[in-house]
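Fold and contact review
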Amino acid sequence: MAEEDTTSTIRPDFPTGRVKKIMKLDRDINKVNSEALLLVTCSTQLFLEFLAGRSAQVAAEKKRKTVKLDQMRIAIKRHRPTSDFLLDSLPAPAQSANGEPANKVRSRPVAEKPVPAGTRRIDDFFGKPRADNFRTACSLKLPSKGPL
């Protein structure tokens, strides 16, 4: 009997164009190989599925239907390899005056938080241009040639 050659095409759910743009934000990266792009895209997808699954388990343990940052933080702490690099990137839990986590305190919106010098926000990279930036970029003064 002849063996069937079954090959399947891997198609990630994330848009590879955006992943490539994010990768190119690093100044050390000039070109991105298509195989490397596929590998990073699939790895990112698998990691986020893993993180969402673990966070959903923690939320279910606490009898919650919605996953919140606290449940995600617990899921990350439980998985040692993830907590080594990701825990520092999460926003710090809000503390009340008596040292307990405050549930009602909300952090400032992302757009209001200060950005370190020499960096830019990922929202600015993918977002639509704001009206005031568009006006200043498009307002050119053309030399007048006088009456025709």
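Residues numbered from 1 in each chain as written. Predicted model: local features only at pLDDT ≥ 70, side-chain atom pairs only at ≥ 80, totals over all residues. Heavy atoms only, no water.

Taking an unreviewed UniProt entry as the reference, the chain is identified by name as Nuclear transcription factor Y subunit gamma isoform X1 belonging to Rhodamnia argentea. According to UniProt, the comment filed for the chain under the heading Subcellular location (unreviewed entry) is "Nucleus". (UniProt positions renumbered as here; feature names shortened; annotations may be inferred.)

A few words now on the pattern of salt bridges. One pass over the full model with this rule turns up 2 salt bridges. Residue R78 pairs with E61 through a salt bridge whose shortest N-O separation is 3.0 Å. Pair noted here: R78 is in helix α3 (residues 69-78) and E61 is in helix α2 (residues 34-61), with a separation of 17 residues, a long-range link. Where D84 meets R80, a salt bridge forms, and the shortest distance between an N and an O atom there is 3.6 Å. In this pair, D84 and R80 are both assigned in helix α4 (residues 80-86), 4 residues apart and thus about one turn of the helix distant. Given a relative accessible area of 58%, R80 falls into the exposed group. (Salt bridge = Lys/Arg side-chain N within 4 Å of Asp/Glu carboxyl O. Helix = DSSP H or I, 4+ residues; strand = E, 2+ residues; numbered from the N terminus. Buried < 20%, exposed > 50% of the residue type's maximum accessible area, 1.4 Å probe, protein only.)

So, about the packing of helix α1 (residues 16-23) against α2. To characterise two packed helices, one gives the angle between the axes of the helices and the distance between these axes. In the contact formed by α1 and α2, the axes pass within 10 Å of each other and the chain directions differ by 100°. By the angle between their axes, α1 is roughly perpendicular relative to α2. On α2, the residues touching T16, V19, K20 and M23 of α1 are L37, V40 and T41. Looking at the contact of α1 with α2 residue by residue, the class counts come to 4 nonpolar, 2 polar and 1 charged. (Axes fitted to C-alpha atoms, helices over the stretch in contact; angles between N-to-C directions. Parallel < 35°, antiparallel > 145°, perpendicular 65-115°, else oblique. Contact = heavy atoms within 4.5 Å. Nonpolar A, V, L, I, M, F, W, Y, C, P; charged D, E, K, R; others polar.)

Along the chain, S83 falls in helix α4. Excluding residues within four positions of it along the chain, S83 makes contact with I76 and K77.

Moving on, we get to the packing of aromatic side chains. Taken as a whole, this structure holds 1 aromatic pair when the rule is applied. A centroid spacing of 6.0 Å and a plane angle of 45° characterise the contact between F47 and F85, whose relative ring orientation is tilted. Separated by 38 residues along the polypeptide, F47 in helix α2 and F85 in helix α4 bring together distant segments of the chain. (Phe/Tyr/Trp six-rings, centres within 6.5 Å; stacked < 30°, edge-to-face > 60°.)

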